[in-house]
Amino acid sequence: MSALSETNDLLSALNSIARTLPDSLNMRDAIDSVRQQLLESFQPQVMALLERDSSGAWTPRLVEGTQFSLNTETEELPEPLAMAVDQFAPVLWPSLEGEQGLNEGSSSGMYTALRARDELVGVLGIETTRPVGYGQREANLLSGLADLAALTLDNSRRFGHLRILGAQNERTRIACDLHDRLGQWLTYFKMELERVSSRSDHDLELLRLSWEAAEALDELRETLRELRSEVNDQRTFVGEAKELIVRLERRSGLSVSLVVVNPGQTLTPPVETEMLRIMQESLNNVEKHAKASIVSITWNVTQGVGALTVADNGKGFERCQSARDNSYGLMGMRERADAIGARINISSDLGVGTTVTVSTADLHSKGPHT
C-alpha cells in the first residue's frame, strides 16, 4: 500500500508537470518551464541544464549556483554529470564531498541524461545544500520529469533549426518592405531637410537634423544589405565578406583583415550563408560592444571542412558570462552553427579580446567553383 501510494503521488506530480509544459516552441519558454518545475518539485539551490549540439559539445541553457562556459567538452563535465551521460536512469549522489558536484557547498545531488527520440539531447543536474538531501523517491520523480523535459527541449530545438533555415524568404520580404516604405520616406525627409537648410545657412539645428537623417538612411541601407546578403551560385562567401568588411571599415574606423586560405574551395550555399550570418553577428558585436581597433578574419575550406575565425583586440569578457541571460546574441550564433551541423567556440579574456571559431562537418562540401 505504501508503494502504491508513493506511485500515485509520483503520477500526480508528473501529470502536473506535463500539463504545465509550454505550448510555445520557443527555447526560452521551454527552459523557463523546466526551471519552474525543478524548483517546485525539488527546491534545488544548484541547477544546470546543458544541451548537446550536433558536434558533441555541451552548451548551458540553464545555470544557477554554478558556472559553465559556452562550449564544454564531455571530458570537462563535472564527474556526476559525466556519469549521467552514459546512464539511462538518474544518477543519485546522496552525499557530496568537496568538489565532487556542481557546487562545493552542496550536500547531495541528482543527475540525468535527457534523451528524446532515442537521441541524447542534453544533461541535467540539480543539487541541494539542505542536510536532508535527495533520495530514491526524488530520483524516480526526476526520471519522469527528464523524459518530458527532453521532449520539450528537442521540440523547441528542432523548431529553431527549421526557423533559421527557412528564414531567407522572410528576410527578403522584410528588406523589400523597408526599402519601399521606410527607405523612400527617409530619402524624402533627408532631401527636404537639405533643401530647407540650404535657405537658412545659420540654422544649425536644421543642419544637425539633416546630418542625422543622412546617418539614419545610411544605417537603413546597411541593414537592407545584411538582410539581402546570401551565398548562391552568383555570390560567393568571400565576395559577400569583402563587401561587408569594406562597409564596416568605412563607418566604424576598425581595421579588418580577411585571409582566405583556399580560394578555390567552397561549401554548399545554405551552409556558407549561415556562416556569413555568424560572421555578420560577430562583427556587429565587435562594432557595438568590444571597443576594438583591429579584427582578423580567417576563412578556410579544406577537403570539405569549413572553418571561420573572427578575432578582435577588444575589451573581452569573463568566461562565465557566456552562459548568462544577457548573452542571447551569442546563443543565436551557436544555434545557427548547430542548424548546419557546425561547432562554434567563443573564447575571451578581459582586456585581451574575443575569438569566435566556427567549423563545419565534412558532409557539406561542394568543391571548387566552376
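This text goes with the structure placed above it.
Residues numbered from 1 in each chain as written. Predicted model: local features only at pLDDT ≥ 70, side-chain atom pairs only at ≥ 80, totals over all residues. Heavy atoms only, no water.

1. Re the packing of aromatic side chains
- Counting across every chain of the model gives two aromatic pairs.
- An angle of 25° between the planes, with centres 4.0 Å apart, marks the rings of Phe-237 and Trp-299 as stacked. Residue Phe-237 is found in helix H7 (residues 237-252), and its partner Trp-299 is found in strand S8 (residues 294-302); the two are separated by 62 residues along the sequence.
- By relative accessible area, Phe-237 is classed as buried at 1%.
- Looking at Arg-115, its charged tip hangs above the ring of Phe-88, at a distance of 4.0 Å from the centre. (Phe/Tyr/Trp six-rings, centres within 6.5 Å; stacked < 30°, edge-to-face > 60°. Helix = DSSP H or I, 4+ residues; strand = E, 2+ residues; numbered from the N terminus. Buried < 20%, exposed > 50% of the residue type's maximum accessible area, 1.4 Å probe, protein only. Lys NZ or Arg CZ within 6 Å of the ring centre and 35° of its normal.)

2. Comments concerning the pattern of salt bridges
- Going through the model one piece at a time under the given rule, you end up with seven salt bridges.
- Measuring nitrogen to oxygen at the nearest pair gives 3.2 Å for the salt bridge that ties Glu-51 to Arg-334. Taken as a pair, Glu-51 in strand S1 (residues 46-52) and Arg-334 in helix H9 (residues 328-339) lie far apart in primary sequence, 283 residues in all.
- With relative accessibility at 0%, the residue Glu-51 sits in the buried group.
- One salt bridge connects Glu-73 with Arg-343, and the closest N-O pair in it is separated by 3.1 Å. Separated by 270 residues along the polypeptide, Glu-73 in the loop between strand S2 (58-64) and helix H3 (79-85) and Arg-343 in strand S10 (residues 343-349) bring together distant segments of the chain.
- Via salt bridges that share partners, Glu-51, Arg-61 and Arg-334 belong to a single interconnected network. (Salt bridge = Lys/Arg side-chain N within 4 Å of Asp/Glu carboxyl O.)

3. Section: the pairing of strand S9 (residues 305-312)
- Side chains Gly-306, Leu-308, Val-310 and Asp-312 of S9 all project onto a buried face; the interleaved residues Val-305, Ala-307, Thr-309 and Ala-311 project onto a face where none is buried.
- Bridge analysis of S8 against S9 gives eight bridges, and the strand direction is antiparallel. In the sheet register, Trp-299 faces S9, and the bridge partner there is Leu-308.
- Here five bridges tie S9 to strand S11 (residues 353-359), and the two strands are oriented antiparallel to one another. Residue pairing in the sheet places Ala-311 in a bridge with Thr-355 of S11. (Pairing = 2+ DSSP bridges.)

4. Brief notes about H7
- An ideal rise of 1.5 Å per residue puts 22 Å on 16 residues; H7 measures up with 22 Å between its terminal C-alpha atoms.
- Three or more residues of H7 are buried, namely Phe-237, Val-238, Glu-240, Ala-241, Leu-244, Ile-245, Arg-247 and Leu-248.
- A positive phi of about 85° marks Gly-253, the residue just after H7. (Expected span 1.5 Å × (residues − 1).)

5. Describing the sheet that holds S1
- Within the open sheet, the five strands sit side by side as S2-S1-S5-S4-S3. Their pairing is antiparallel. Single-partner strands in this sheet number two, and they are S2 and strand S3 (91-93). Across this sheet, the average inter-strand angle for adjacent strands is 15°, counted without regard to direction.
- As defined by bridge partners, S3 adjoins strand S4 (residues 108-116) across three bridges and the pair is classed as antiparallel. Counterpart to Val-91 in the pairing with S4 is Tyr-111. (Axes fitted to C-alpha atoms, helices over the stretch in contact; angles between N-to-C directions.)

6. Description of the sheet that holds S8
- Here five strands make up an open sheet; going across it, the order is S6-S8-S9-S11-S10 and the pairing mixed. Because the sheet does not close on itself, it has two edges, and the strands there are strand S6 (255-260) and S10. Across the sheet, the axes of successive neighbouring strands diverge by a mean angle of 10°, strand direction being ignored.
- Contacting S6, S8 and S9, H7 crosses the sheet at an angle of about 170° to S6.
- Against the sheet, helix H8 (residues 269-290) contacts S8, S9, S10 and S11, and its axis sits at roughly 5° relative to S9. (Contact = heavy atoms within 4.5 Å.)

7. A few points about the environment of Ala-241
- Along the chain, the position of Ala-241 falls in helix H7.
- Assessed through its relative accessible area of 0%, Ala-241 is described here as buried.
- Distance in space between the C-alpha atoms of Ala-241 and Met-279 is 8.3 Å, their sequence separation being 38 residues.
- If we ignore the near neighbours within four places in the chain, the residues touching Ala-241 are Leu-258, Leu-276 and Met-279.

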